[in-house]
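The lines below spell out each chain.
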Amino acid sequence: MDISLLPEELFEEIALYLDISDVLSCCLVNSRWRNAMNKNRIWFNLCSKRFSVNMQNLDMIKSPCLVDPPFTPPKQNCYSLSETCPWKLRFMQEAHVMRNWRFGRFMSHVITKTINPLCLECDEDVIVISSMEKREFTTWTIESSPIQVQTTPFSLWHVISDFFKLSGDKLVVVQCTLLQVFVKNMNNRNAFDLTYRFLFNKSEEESSNIPSTDDISDWYNNNIGLYPSDLNTVCDHNGDYFVGLVQEGNMNKVIFHIWDINTGHKVGEQLIPQVDDLVTDVHFSLHSSDLHILMKLRDSIKERTTIFCFSLDTFKYTNLHIKFDYVVPIVLFGEKFLLNTDVSGRNIWLWKNEDGEFIHKLCCNFDIQPTSLQFVLSFVIFAGNSDCMGNVMVFDTKTLKTTCEFVTDYRVTNLLFIRSELILVGGWMQLGIWELSTATKLHTLDFQDCLWINQYKTKTIVENDDDLFLLHFW
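Residues numbered from 1 in each chain as written. Predicted model: local features only at pLDDT ≥ 70, side-chain atom pairs only at ≥ 80, totals over all residues. Heavy atoms only, no water.

**Things to note about the pattern of salt bridges**
Consideration 1: Summed over all chains, the structure comprises 17 salt bridges.
Consideration 2: With a closest N to O distance of 3.3 Å, R102 and E421 form a salt bridge. Of this pair, R102 sits in helix 5 (residues 86-102) while E421 sits in the loop between strand 27 (412-419) and strand 28 (422-427), and the two are 319 residues apart along the sequence.
Consideration 3: Between K165 and D236 there is a salt bridge; the shortest N-O distance is 2.7 Å. Placement of K165 in strand 6 (residues 163-167) and of D236 in strand 10 (residues 232-237) is noted, with a sequence separation of 71 residues between them.
Consideration 4: Exposure remark for D236: the relative accessible area of 8% places this residue in the buried category.
Consideration 5: Three or more residues are tied together by salt bridges with common partners; here these are R50, R102, E421 and E435. (Salt bridge = Lys/Arg side-chain N within 4 Å of Asp/Glu carboxyl O. Helix = DSSP H or I, 4+ residues; strand = E, 2+ residues; numbered from the N terminus. Buried < 20%, exposed > 50% of the residue type's maximum accessible area, 1.4 Å probe, protein only.)

Now the structure itself:
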């Protein structure tokens, strides 16, 4: 029986159990088999399995392919063959990008001289670099060769920025307590317009008195007063909400100030969780609509850490509450889990985000490098060093098992996950492209550090000596 003649739904169910080599073999049988395999559901499944990426929406790589040999979409010259389905074309694009990474094929462009300290934010369209010296930021388009398209001054020209972050179409800058929201121009996605300015720890009414001039330094100094250098603001935003607090006075009475940066309205204020001990430090991070709060406490004996979660949807604290009897060096929040390292620097503790249930303890025989620790999909990836060698580990939160572990011939400073099969391992004066399944270094890139990689894995920003470079792998 020719199974390609089965009902389409049944045939697709069978094909979902096949890997890419089996599907390609089926396509070679005859035109009926090839057309039967040319279905979006089948190739969507292959994209998800092969590249370990959550592709819920069909989002093609639309930028021109700059690297030789270029990607050429297939053309059907035979009337009996159906047009290549979109998800198969998406699979072919992903495979082409991965081949370029594997063979070290890329195009390099110098962006600019490195600014120290470097404050850099990126998305698919632009790179935004903050200059602490000049109190401004520059915007570069990075679709092909980088082009500087905009230089924008901060509102307080003699104050450095305390917070600088791009999320979605919004760039948020905070100087002292002045919140500035820049939004991408609707007609030019490579430029930002100043849309809102608020005193984030005050009411909307008090912010209505802010002048409309570019430089409001004198007004701020006369009406608000420039804060002393030992006063600290803590901020975060997710493209929809901004949350900020000012660490001053009695830390047990510190208040979160929450703004809707789509509408420009203050949503409300919230007192930090009330505890019996003295609060000495408060930090937080915003994930979707959950505000994860890290508090350092001190009693008469010692310091320790506790974690809470506040929901911006319900405006209530959730069931998440984790207590530690020591000061936690590193806490990292993911979509479903959070993790922390302990004082030894060699153990990772995994917890559920929902209710703080303990899940797993991962023990290492090396000192964990803090800058390498990250959640990627369902994995935790991190590295550490011992003597002159580096150690890289990939831990699966679904199976609670280490899926990959290998040793590098150089000390590791950071990691960037490319796809399920490849990882970029940064070390002193070199970047290595490693294959995870075989623990093999495929290529060495002659750059010192990798700062960012985009969603499609088609371009990355690296640093070498005093220059920033844009590398295209598509």
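Now, onward.
**A closer look at the environment of V110**
Consideration 1: Along the chain, V110 turns up in strand 1 (residues 107-113).
Consideration 2: Classification of V110 as partly exposed rests on a relative accessible area of 48%.
Consideration 3: Taking the C-alpha atoms as reference points, V110 and S145, 35 residues apart in sequence, are found 8.4 Å from one another.
Consideration 4: Apart from residues lying up to four places away in sequence, V110 is in contact with P146, D467, L468 and F469. (Contact = heavy atoms within 4.5 Å.)

**With respect to the pairing of strand 15 (residues 290-298)**
Consideration 1: Taken together, the 9 bridges between strand 14 (residues 278-287) and strand 15 define a ladder with antiparallel strand orientation. For L286, the partnering residue across the bridge sits in strand 15 and is L291.
Consideration 2: As paired strands, strand 15 and strand 16 (residues 303-311) are joined by 9 bridges and run antiparallel to one another. Its bridge partner lying in strand 16, L291 is registered against F310.
Consideration 3: With antiparallel pairing between neighbouring strands as the criterion, strand 15 and strand 16 make up a hairpin whose turn holds 4 residues. (Pairing = 2+ DSSP bridges.)

**A word on the pairing of strand 20 (residues 347-352)**
Consideration 1: Sheet topology note: the strand 19 (residues 337-341)/strand 20 ladder contains 5 bridges and is antiparallel. Along strand 20, the bridge assignment pairs N340 with W349.
Consideration 2: Taking the residues that link successive antiparallel strands as the turn, the strand 19-strand 20 hairpin has 5 residues, and the phi of G345 there is positive, at about 75°.
Consideration 3: Note: strand 20 against strand 21 (residues 358-363), 5 bridges, orientation antiparallel. What sits directly across from W351, in strand 21, is F358.
Consideration 4: Hairpin connection of strand 20 to strand 21: 5 residues between the antiparallel strands, including G356 at a positive phi of 80°.

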